[in-house]
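Topology and contacts: notes
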Amino acid sequence: MTPILTFAAKEFRDGLRNKWIAGATLLLGGLAFALTFLGSAPTGLLDVKPLAVTVVSLSSLTIFLIPLIALLLGYDAIVGEAERGCLLLILTYPVSRLEIIVGKFLGHAAILAFAAIVGYGAAGAAAAWTGGGDAESWRAFAGLILTTVLLGLAFLALAYLISALVAERSTAAGIAVGVWLLFVIVYDLALMGALVASKGRIGAEIFPSLLLLNPADVYRLFNLTAFENVRKLSGMAGLSASVHFAPAVLLAVLALWSAIPLALAASVFARREV
Amino acid sequence: MSVVSIKDVGKAYGRLRVLDGISLGVPQGKCLALIGHNGAGKTTLMKLVLGLIRPTAGRIEVLGADPAVADKAFRQQLGFLPENVAFHEELTGADTLAFYARLKGLETTCCPALLERVGLSSAAERRVHTYSKGMRQRLGLAQALLGTPKLLLLDEPTTGLDPVLRQEFFEIIRQLTAIGTTVIISSHILTELEARTDLVAIMREGRVVAYGDLDTLRRDAGLPVTIRAKGDAALIAHRLNGAFTKTILADEQAIEIGCPLTQKMALLRTLASLGEICADLEIRPPSLDDLYLHYSGRPLSSTAEQGGRA
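Residues numbered from 1 in each chain as written. Chains lettered and ligands numbered in written order. Predicted model: local features only at pLDDT ≥ 70, side-chain atom pairs only at ≥ 80, totals over all residues. Heavy atoms only, no water.

Considerations on a nonpolar patch on the surface
Residue and element names in this part refer to chain A. A cluster of nonpolar residues, Phe64, Val177, Leu181, Leu182, Ile185, Val186, Leu189 and Met192, forms a patch on the protein surface that exposes about 690 Å² of accessible area. With 7 residues, helix 8 (residues 169-197) is the largest single contributor of residues to the nonpolar patch. Look at Val186 and you get partly exposed, because its relative accessible area is 41%. (Patch = residues over 30% accessible without salt bridge, like charges linked within 9 Å, V, L, I, M, F, W, Y side chains within 5 Å. Areas by Shrake-Rupley, 256 points an atom, 1.4 Å probe, with all protein chains shown as cover. Salt bridge = Lys/Arg side-chain N within 4 Å of Asp/Glu carboxyl O. Helix = DSSP H or I, 4+ residues; strand = E, 2+ residues; numbered from the N terminus. Buried < 20%, exposed > 50% of the residue type's maximum accessible area, 1.4 Å probe, protein only.)

Structure follows, in structure tokens:
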């Protein structure tokens, strides 16, 4: 087993042991089930809403939840090991620092992917079983799961960057919460505020690019505009006319959002004094 | 050939000089003890030998390589037990050791024998958070012994261990040095090592203030031998006639005489010739604690100079 796989396997097993995997999967699965079936509760019928509606509501919820899960999962990946004293010992082993950080990241990524795929996948399977959804809605649902994993990886990479930069776990936790607030809440508010304040003068050229600077917005753009039937439901038809990125571009940007912070984290970690 | 060779090594963090002008050599199959107060620089020196940090002055060569730039094959030959070793609490002892074995590129089949060797076989399937301090140290030693290292570094391994466990530790170290493993062990208590090491380096404020085998250190220190004579204390003191430092004990039944090593036999002959006045003799050579206090308490000749530079 290579060192990278050894670290990844260990993180995944730790996730199994400390119930992170079970917790995250149940949380995501429960919410997905609720959103898929709950619309029918007032009428007393167990009726499945159109799958496209589920994609819209589920993606809105994911934007809040997945970044938080990813940040909590990863913020002490480096600094926690350093503080406990495990890192000092591991660094005397014949493994490189790059192998350590990549291995741990893959392990945590597997935890997130498992939770998203199993949690949302189960709800999707239940929806399919009760019958519903055309082919395009299913593609939208598959896209939702894929981008949910990518969104998780982006925030996991940010968590690793925080973890490699700071000297204390508590600092890392504080910054992680700050990063969550910034990307999930403050950024959009600030953007909206800027639009209103400038009376819409932030033109069509700049505004779309500004959305790409936030992985949560990239995720939102993909899930609300990539598929025709979802677009109609989400009220984004107007926006998507002015802000149109090809789905492949959005996926690539989302992937960059995990690659760049992770590369930065690796280079910071390589210089960290022990 | 020295397995570890350190020449004029210094390490500074900004303006803070943690190590200064360290020179040491440890031949193959020998055990070196680093002794010093907390903060004397023992752990920093170990980190330098392990290549975890780079020196700001001087040169270090370990197993024929510069540890700071050495490859994986170099690290394959190291074993390290950090002070306050920490493991993941949720793993069992066996799983923990298997994880470290895989990191070292070894088959996990070697693990049960190692656990047996450090006396953890019966607790191997228990989670680490149920382990006592001694059991954690045993597990720490087991991971340090993975792959039969050529150089073993143990940072305060015996602190807080009971005497039985300490004996077991030293027995394992003796077996290792017998097959050619070089060992560096640190402690802030010289007596804990019970003269089990070949070489001793006493560190103080980032410098080595004494280095050599214990006999050399004893001789260089020139500490007096204490001789306690029982009998008529006042009369003995009178007969010795002003020579030596003497303390008459409270009950006047015994006297303690501090005597330089070179005059020990002369004094003993004098005491023996006193006949009935001196009923019994007890000879106490300077203890390891005395020796340590002598070296670690000695003011550094260059303290003022060092202060000026810092």
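Observations regarding the interface of chain A and chain B
Contacts between the two partners involve 24 residues from chain A and, on the opposite side, 26 residues from chain B. Both sides of the chain A and chain B interface together cover about 2500 Å² of buried area, and 66% of this is carbon and sulfur. Considering only the side of chain A, the residues that lose the most area to chain B are A:Leu89, A:Tyr93 and A:Pro94, jointly responsible for 27% of the buried surface there. Among the ionic pairs, A:Glu99 bridges to B:Lys72, the shortest N-O distance being 2.8 Å. Linking chain A with chain B are 7 residue pairs in polar contact (both at pLDDT 80 or more). (Contact = heavy atoms within 4.5 Å. Buried area = accessible area lost by both parts, 1.4 Å probe. Polar contact = N/O pair within 3.5 Å; in protein donor to acceptor, adjacent residues only side chain to side chain.)

Description of the sheet that holds strand 12 (residues 254-259) of chain B
Residue and element names in this part refer to chain B. Sheet architecture is open: 4 strands sit in the order 11-12-10-13, paired in antiparallel fashion. This sheet does not close on itself; its edge strands, each paired only once, are strand 11 (245-248) and strand 13 (278-284). Across the sheet, the mean angle from the axis of one strand to that of its neighbour is 20°, orientation sign disregarded. One ladder, built from 4 bridges, connects strand 11 with strand 12; its direction is antiparallel. Residue pairing in the sheet places Ile248 in a bridge with Ile255 of strand 12. (Pairing = 2+ DSSP bridges. Axes fitted to C-alpha atoms, helices over the stretch in contact; angles between N-to-C directions.)

Things to note about the sheet that holds strand 6 (residues 151-154) of chain B
All names here are of chain B. Read from one edge of the open sheet, 6 strands run 5-6-7-3-8-9, paired in mixed fashion. Lying at the two open borders of the sheet, with one neighbouring strand each, are strand 5 (78-81) and strand 9 (207-212). For this sheet, the mean inter-axis angle between neighbouring strands, taken without regard to orientation, is 15°. As judged from the 5 bridges shared by strand 8 (residues 199-204) and strand 9, these two strands associate in the antiparallel manner. Among the inter-strand pairings, Met203 is bridged to a residue of strand 9, identified as Val208. Strands in contact with helix 7 (residues 214-221) are strand 8 and strand 9; relative to strand 9, the strand with the most contacts, it is inclined by about 110°.

Scope: geometric values only; no functional claims are made or implied.
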